[in-house]
Amino acid sequence: MDYKIVSFNFEICEQASILHASAFERPWSKNEFEILVTESPGIFGFKAVSSEEQLYGFILLQYIIDDAEILTLCVLENCRRQGIGKELIKTAINKLFIKDAKRLLLEVNEYNKEALLLYKSLNFNTYGRRKNYYLLNDKSQADALLLEIKLNN
Ligand SMILES: CC(C)(COP(=O)(O)OP(=O)(O)OC[C@H]1O[C@@H](n2cnc3c(N)ncnc32)[C@H](O)[C@@H]1OP(=O)(O)O)[C@@H](O)C(=O)NCCC(=O)NCCS
């Protein structure tokens, strides 16, 4: 699959909201993405796009002082298992090295097997758990696992 990874930008917010809605139970609107990228402090991200600007995946992060956090990450369903998710995270980590960040954090649903395998493959460690953090559409609840990777500057 042919794609390039470049900075996430305002123009991709509509496609991002559509992809996000296909991947998560609680979708973020185009407007929420636009506010995030224009008005929120320390936000940056990357997108994987085709030569025609079709969005295959993206990652958004927030970096404040020493810690950065992955706010969201998703890859189009028929583009998964081709290394895009991993490359998006690695691109973000490279950027964080340049910014001198100390840690990269994220939270993930304890039952999100694919994401947990991806994070494990990148050597993230679990440092905490938020009980019943997610309320799912079927009204069941799930814990959030808190993961981190130390960035050795
Ligand atoms: C999680 C997600 C981003 C992974 O993206 P991806 O592009 O498919 O991941 P990659 O192809 O880079 O996978 C890298 C590694 O993660 C692991 N992995 C990812 N998906 C896997 C799966 N379905 N089964 C087994 N291992 C998997 C593997 O170790 C894989 O390496 P390999 O293919 O060489 O074995 C994608 O499944 C997704 O968008 N899910 C829905 C949204 C989501 O859950 N986001 C994360 C929220 S915290």
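Up top is the structure.
Trainee: So what about the site of the ligand? Which residues, and what values?
Mentor: Taken together, 18 residues lie near the ligand, and Arg80, Gly85, Lys86, Leu117 and Leu118 sit nearest. With five residues, the single largest contributor to the shell around the ligand is helix 4 (residues 113-121). In terms of residue class, the shell around the ligand is made up of nine nonpolar, five polar and four charged.

Trainee: If you had to explain unusual backbone geometry to someone new, which residues and values would you point to?
Mentor: Residues other than glycine seldom take positive phi values, yet Glu53 does so here, at roughly 65°. By C-beta crowding, Glu53 is classed as exposed, having 10 other C-beta atoms within 10 Å. Although it is not a glycine, Asn123 adopts a positive phi angle of roughly 65°. Inspection of the secondary structure assignment puts Asn123 in the loop between helix 4 and strand 6 (125-135). Since 8 C-beta atoms lie within 10 Å of it, Asn123 is described here as exposed.

Trainee: Describe the sheet that holds strand 3 (residues 55-64), listing the residues and the values that go with them.
Mentor: Paired through backbone hydrogen bonds, the strands of a sheet run either parallel or antiparallel to each other. Spatially, seven strands are ordered 1-2-3-4-5-7-6 in an open sheet, and the strand pairing comes out mixed. On the outer flanks of this sheet lie strand 1 (4-7) and strand 6, each paired with one strand and no other. Each strand of the sheet is rotated relative to its neighbour by a mean of 25°, with strand direction disregarded. Summarising the sheet, strand 6 and strand 7 (residues 141-150) pair through seven bridges and their orientation is antiparallel. Within strand 7, the position partnered with Arg130 by the bridge is Ala144. The strands touched by helix 3 (residues 84-99) within the sheet are strand 1, strand 2 (43-49), strand 3, strand 4 (67-75) and strand 5 (103-109), with strand 3 carrying the most contacts at an inclination of about 30°.

Trainee: Any chance you could break down helix 1 (residues 13-23) for me, citing the residues and the numbers?
Mentor: Within helix 1, burial applies to Cys13, Ala16, Leu19 and His20. For helix 1, the angular spread of the buried residues around the axis is 120°, confining them to a single face. On its buried face, helix 1 is in contact with helix 2 (30-39), strand 3 and strand 4.

Trainee: Account for the environment of Ser121, naming residues and giving values.
Mentor: When you line up the elements, Ser121 lands in helix 4. When the 11 C-beta atoms within 10 Å are taken as the criterion, Ser121 is described as exposed.

Trainee: How would you sum up the nonpolar core? Please name residues and give values.
Mentor: Judged by nonpolar contacts, the single largest core of 33 residues is most densely connected at Ala16, Phe58, Ile59, Leu88 and Ala92. By residue number, the principal contributor to this core is strand 3, which donates six residues. If sequence neighbours within four positions are ignored, Leu88 has contacts with Ile5, Phe46, Ala48, Gly57, Phe58, Ile59 and Leu73.

Trainee: Provide a residue-level description of the pairing of strand 7, including the pertinent values.
Mentor: Sheet topology note: the strand 5/strand 7 ladder contains seven bridges and is antiparallel. Paired with Leu104 across the strands is Ile149, a residue of strand 7. Between strand 6 and the antiparallel strand that follows it, strand 7, lie five residues; Lys139 among them carries a positive phi value of about 75°.

Trainee: I'd like a description of the packing of helix 1 against helix 2, backed by residues and values.
Mentor: One can describe the packing of helix 1 onto helix 2 by two numbers: an axis separation of 8 Å at closest approach and a directional angle of 125°. For the element pair helix 1 / helix 2, the angle class is oblique. Helix 1 and helix 2 meet at a crossing whose hand is right-handed. Packed against helix 1, whose contacting residues are Cys13, Glu14, Ala16 and Ser17, the element helix 2 presents Lys30, Phe33, Glu34 and Val37 at the interface. When grouped by side-chain class, the residues that make up the contact of helix 1 with helix 2 number four nonpolar, one polar and three charged.

About the cut-offs
Residues numbered from 1 in each chain as written. Predicted model: local features only at pLDDT ≥ 70, side-chain atom pairs only at ≥ 80, totals over all residues. Near = placed C-beta within 6 Å. Helix = DSSP H or I, 4+ residues; strand = E, 2+ residues; numbered from the N terminus. Nonpolar A, V, L, I, M, F, W, Y, C, P; charged D, E, K, R; others polar. Buried ≥ 20, exposed ≤ 12 C-beta atoms within 10 Å, placed from the backbone. Pairing = 2+ DSSP bridges. Axes fitted to C-alpha atoms, helices over the stretch in contact; angles between N-to-C directions. Contact = placed C-beta atoms within 7 Å. Arc of directions from axis to C-beta. Core = buried A, V, L, I, M, F, W, Y, C linked by C-beta atoms within 7 Å. Parallel < 35°, antiparallel > 145°, perpendicular 65-115°, else oblique. Left-handed = near helix turned anticlockwise from the far one by under 90°.

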